Amino acid sequence: MLDAALAGLSLYWRVFATGLSFTVFGVGGLLMRVVLFPVLNLVVRNKERRVVAARGLIRRAFRAYVDMMRALGVLRYEVRGLEKLERGGLLILANHPTLIDTVFLMAFVKNADCIVKGALWNNPFTRGPVRAAGYINNEGGAALVDDCIASLRRGNNLIVFPEGTRTPADGVISMKRGAANIAVRGARDMTPVLIRCDPLTLGKGEKWWRVPPRRVLIRIDVQDDLAIETFTGGGASDVMAARQLTEFLQDYFTGKYQRHA
């Protein structure tokens, strides 16, 4: 009886703490937009230096945010192989099981760039940070891949989710060709990152208040680099190389995820 009561209290607390975390995220983004970044615009006049500074502020804010969620008892997290991300110009490819994957990666990756949905550019809670940090708008059309390659050549660490969206509820990973096109056309090795959420929460189409019966554990495993020459060697066209790489990534992430399950 007592154990059941304690379990119920724990569940109610985590529902409250999850709602509080979403509120903090929204209010924090709004404050950064109306207070922090206007001050940054006045203090740092050079655009490139301002973008670097904005990304540093966002990384620290996201790190504080995930630590806040841990302190509130919403989740725990483990990061393995973090030293592999202590480089510049990385093309980081990750699976996408939950809504907060981006927050976690950007909390630990220095000078991170990423592709954001066009809707976030007009969202009052997110448009301040995403514009100040110069992230890549996914409404760039045919120029999107070129924008990503240019970001890598400037030494940014580009975070890409090859699925293009969160993994569906059935857990089936399905890769799009965009990430492969960036790697092939940019002649860039890839740094895979495997993200696991146990038990799963904040998945595609899932309501935030449907918290799992126990505290979530987020595991982030940085894998060894994948050499792009494996796919571009032998005179293969960019189209064929991108197709082969997409098929490889499909098998790679599916196999890695299943072995970690």
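See the structure shown above.
Residues numbered from 1 in each chain as written. Predicted model: local features only at pLDDT ≥ 70, side-chain atom pairs only at ≥ 80, totals over all residues. Heavy atoms only, no water.

**Q** Any chance you could break down the side chain of Ser151 for me, citing the residues and the numbers?
**A** On the secondary structure map, Ser151 appears in helix α5 (residues 144-153). Separated by 2.6 Å, the side chains of Ser151 and Asp113 make a polar contact. Leave out the neighbours within four places in its chain, and Ser151 touches Asp113, Ile136 and Asn156. (Helix = DSSP H or I, 4+ residues; strand = E, 2+ residues; numbered from the N terminus. Polar contact = N/O pair within 3.5 Å; in protein donor to acceptor, adjacent residues only side chain to side chain. Contact = heavy atoms within 4.5 Å.)

**Q** Describe in detail the sheet that holds strand β1 (residues 75-80), supporting the description with residues and values.
**A** A sheet is described by the order of its strands in space; here seven strands give the open sequence β1-β7-β6-β2-β5-β3-β4, paired in mixed fashion. Every interior strand has two partners, whereas the edge strands, β1 and β4 (136-137), have only one. Looking at chain direction, strand β6 (residues 190-198) and strand β7 (residues 216-222) are connected through six bridges and run antiparallel. By the bridge assignment, Asp198 is partnered in β7 with Leu217. Where helix α6 (residues 178-185) meets the sheet, it contacts β2 (91-94), β5 (157-160) and β6, and its direction lies at approximately 155 degrees from that of β2. (Pairing = 2+ DSSP bridges. Axes fitted to C-alpha atoms, helices over the stretch in contact; angles between N-to-C directions.)

**Q** For a nonpolar patch on the surface, give the residues involved together with the corresponding values.
**A** A cluster of nonpolar side chains, namely Val27, Leu30, Leu31, Val34, Val35, Leu36 and Phe125, defines an oily patch on the protein surface of about 560 Å² accessible area. Here Leu36 lies in helix α1 (residues 2-43). Judged by relative accessible area, which is 34%, Leu36 ranks as partly exposed. (Patch = residues over 30% accessible without salt bridge, like charges linked within 9 Å, V, L, I, M, F, W, Y side chains within 5 Å. Areas by Shrake-Rupley, 256 points an atom, 1.4 Å probe, with all protein chains shown as cover. Salt bridge = Lys/Arg side-chain N within 4 Å of Asp/Glu carboxyl O. Buried < 20%, exposed > 50% of the residue type's maximum accessible area, 1.4 Å probe, protein only.)

**Q** Describe the nonpolar core, and please don't skip the residues or the numbers.
**A** Ranked by size, the top nonpolar core spans 45 residues in total, and within it Leu75, Phe104, Leu105, Tyr135, Ile159, Val193 and Ile218 carry the most contacts. The element best represented in this core is helix α2 (residues 47-72), accounting for seven residues. Setting aside anything within four residues of it in sequence, one finds Ile159 in contact with Ile92, Leu105, Met106, Val109, Ala112, Asp113, Cys114 and Ile115. Counting 27 residues, the second largest nonpolar core, distinct from the first, contains Leu91, Leu158, Ala180 and Leu249. (Core = buried A, V, L, I, M, F, W, Y, C linked by side-chain atoms within 4.5 Å.)

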